[in-house]
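Take a look at the letters that make up each chain.
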Amino acid sequence: MAKIAIGQITPETAQINSNLEKMKHYTEDIAVKGAELVVFPELALSGYNCGDSFFDIAESIPGASTQFLEKLAVKHNIYIIWGMPEKSVNGVLYNAAVLVGPEGYIGKWRKNTLPGHATDKTGPGAFPDRRYFKAGEDLPVFSTNIGKIGVLICYDIFFPELARMLTLKGADIIVGISGSPSFEKDIFEPIVKVRAMENTVNFVYTNLVGKEGETEYWGGGCIIGAGEKDTKVPGSPLLCKAPYEGEGITLGDLDIDHHNQVRPYFPVLRDLTTRMYEQLAELHKKN
């Protein structure tokens with residue numbers, strides 16, 4: 001059984017040091033309570049409404065902020081995941097997530113799918129991804145002392161193919177991090193549960209909360225188990241639920257290996273066929 005913490009915060013736009021200190025505070029607090037992994041939201045390091053400042057504040061991974069949280073993870077024997085803007089070469093940026101732990105820096109993920117459907121229901125800076133970021137192409141799964149972990153960043157969660165790839169790569173836990181504004185609450189909550197159900201995989205979700213400029217986030221992170229053997233219901237139980245308002249940490253206990261007991265009774269992975277993917281590829285080429 002692993003203790004996993006959802007850390008939902010309201011970022012200060014483009015204030016890296018302030019956001020680092022906030023993550024440090026919550027990490028130290030929850031480490032004392034026995035947490036083995038704490039997960040912070042998408043772009044928690046920078047906020048989402050940075051505009052052109054993204055080019056000035058983005059960092060290499062690993063870089064200064066990674067090293068700061070890496071030292072914290074080693075000191076407190078805890079894994080930390082957080083979102084941040086990554087600086088690559090020649091002004092190329094990625095919307096990324098980083099994993100550090102007791103062994104130091106472990107790896108990173110880059111957001112694969114970049115939204116381009118901003119609406120007038122949010123303020124300036126909403127969904128700026130295509131303006132500032134390049135889409136990532138890799139979906140690594142990293143082995144840790146608490147299990148194999150893969151990450152999806154916000155819009156990635158909308159694509160069942162990505163969650164399925166992480167599952168087939170052996171992920172014991174899929175972590176979803178987002179900066180989802182309040183009008184998306186009724187979209188995200190069922191999708192997160194479905195990703196756990198259709199893959200019989202443990203899912204940890206965290207979201208920004210509060211107001212950043214004119215953008216209001218809905219918080220509401222959760223931890224969902226892979227399923228229950230006795231009821232043969234996948235994507236259950238709901239192990240913990242973060243509030244919709246207010247910064248803070250929500251702690252849940254997750255039986256990492258339980259998915260191995262559930263899958264024989266809800267054998268979606270067994271019933272996948274290569275032909276499904278071949279047909280999908282053929283249709284995608286035509287549309």
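Look up a bit, the structure's there.
Residues numbered from 1 in each chain as written. Predicted model: local features only at pLDDT ≥ 70, side-chain atom pairs only at ≥ 80, totals over all residues. Heavy atoms only, no water.

Moving on to the sheet that holds strand S15 (residues 238–241). Strand order in this open sheet of six strands is S6-S7-S8-S9-S12-S15, and the pairing throughout is mixed. Bordering the open sheet on either side are strand S6 (142–144) and S15, each of which pairs with just one other strand. When the angles between neighbouring strand axes are averaged without regard to direction, this sheet yields 20°. Inspection of the sheet shows strand S8 (residues 173–178) paired to strand S9 (residues 202–207) by six bridges, in the parallel sense. Bridging from a neighbouring strand, Val175 pairs with Val204 of S9. Against the sheet, helix H5 (residues 160–168) contacts strand S7 (147–153) and S8, and its axis sits at roughly 165° relative to S7. (Pairing = 2+ DSSP bridges. Helix = DSSP H or I, 4+ residues; strand = E, 2+ residues; numbered from the N terminus. Axes fitted to C-alpha atoms, helices over the stretch in contact; angles between N-to-C directions. Contact = heavy atoms within 4.5 Å.)

What follows deals with the pattern of salt bridges. Considering all chains together, one arrives at 15 salt bridges under this definition. Among the salt bridges present, the one from Glu189 reaches Lys241, with a minimum N-O distance of 2.6 Å. Taken together, the residues span a long stretch of sequence, with Glu189 in helix H6 (residues 185–199) and Lys241 in strand S15 at a distance of 52 residues. The exposure class of Lys241 is partly exposed, given its relative accessible area of 32%. When salt bridges with common partners are traced through the structure, they connect Lys185, Asp186, Glu189 and Lys241 into a single cluster. (Salt bridge = Lys/Arg side-chain N within 4 Å of Asp/Glu carboxyl O. Buried < 20%, exposed > 50% of the residue type's maximum accessible area, 1.4 Å probe, protein only.)

Turning to the pairing of strand S3 (residues 79–87), a few remarks are in order. Extensive coverage of S3 is indicated by the burial of eight of its nine residues. Looking at chain direction, strand S2 (residues 37–39) and S3 are connected through three bridges and run parallel. Note on S3: the bridge partner recorded for Leu37 is Tyr79. Bridging between S3 and strand S4 (residues 93–101) involves eight bridges; their strand directions are antiparallel. Following the sheet pairing, Glu86 is matched in S4 by Tyr94. Taken together, S3 and the strand that follows it, S4, pair antiparallel across an intervening segment of five residues, in which Asn90 is found at a positive phi of about 50°.

Our next topic: the nonpolar core. If you look at the biggest cluster of nonpolar residues, it comprises 44 residues, and the most contacted ones within it are Ile4 and Val175. In contact with Ile4, other than residues within four places in its own chain, are Leu37, Ile173, Val204, Ile223, Thr250, Leu251, Gly252, Leu254 and Ile256. By size, the runner-up hydrophobic cluster in this structure holds 36 residues, among which are Leu20, Val38, Tyr48 and Leu114. (Core = buried A, V, L, I, M, F, W, Y, C linked by side-chain atoms within 4.5 Å.)

Moving on, we come to the sheet that holds S2. Strand order in the open sheet formed by six strands is S5-S4-S3-S2-S1-S16, with mixed pairing between adjacent strands. What marks the edges here is a single partner per strand, and that holds for strand S5 (104–110) and strand S16 (248–254). Averaged over all neighbouring strand pairs, the angle between strand axes comes to 30°, with direction disregarded. As paired strands, strand S1 (residues 2–8) and S2 are joined by three bridges and run parallel to one another.

As a further point, take the packing of H5 against H6. For any two helices packed against each other, one specifies the crossing angle of their axes together with the interaxial distance. Interhelical geometry of H5 versus H6 gives an angle of 45° and a closest axis separation of 10 Å. In terms of their interaxial angle, H5 and H6 are classed as oblique. Classified by chirality, the crossing of H6 by H5 is right-handed. Touching Pro160, Ala163, Arg164 and Thr167 of H5 are Arg195, Glu198 and Asn199, all from H6. Here the residues of the contact of H5 with H6 sort into two nonpolar, two polar and three charged. (Parallel < 35°, antiparallel > 145°, perpendicular 65-115°, else oblique. Left-handed = near helix turned anticlockwise from the far one by under 90°. Nonpolar A, V, L, I, M, F, W, Y, C, P; charged D, E, K, R; others polar.)

Our next topic: the side chain of Ser236. Following the sequence through the fold, Ser236 ends up in the loop between strand S14 (233–234) and S15. We classify Ser236 as buried; its relative accessible area is 7%. Side-chain polar atoms of Ser236 contact the backbone oxygen of Val233, separated by 2.9 Å. Those residues within four positions of Ser236 in sequence are excluded, and the remaining contacts are Lys193, Ile224, Gly225, Ala226, Gly227 and Glu228. (Polar contact = N/O pair within 3.5 Å; in protein donor to acceptor, adjacent residues only side chain to side chain.)

To continue, consider the packing of helix H1 (residues 16–32) against helix H3 (residues 64–76). Interhelical geometry of H1 versus H3 gives an angle of 10° and a closest axis separation of 11 Å. With respect to each other, H1 and H3 are oriented roughly parallel. Only Ser65, Phe68, Leu69, Leu72 and His76 of H3 make contact with H1, whose side of the interface consists of Ile16, Leu20, Glu21, Met23, Lys24, Thr27, Glu28 and Ala31. Among the residues forming the contact of H1 with H3, the class breakdown is seven nonpolar, three polar and three charged.

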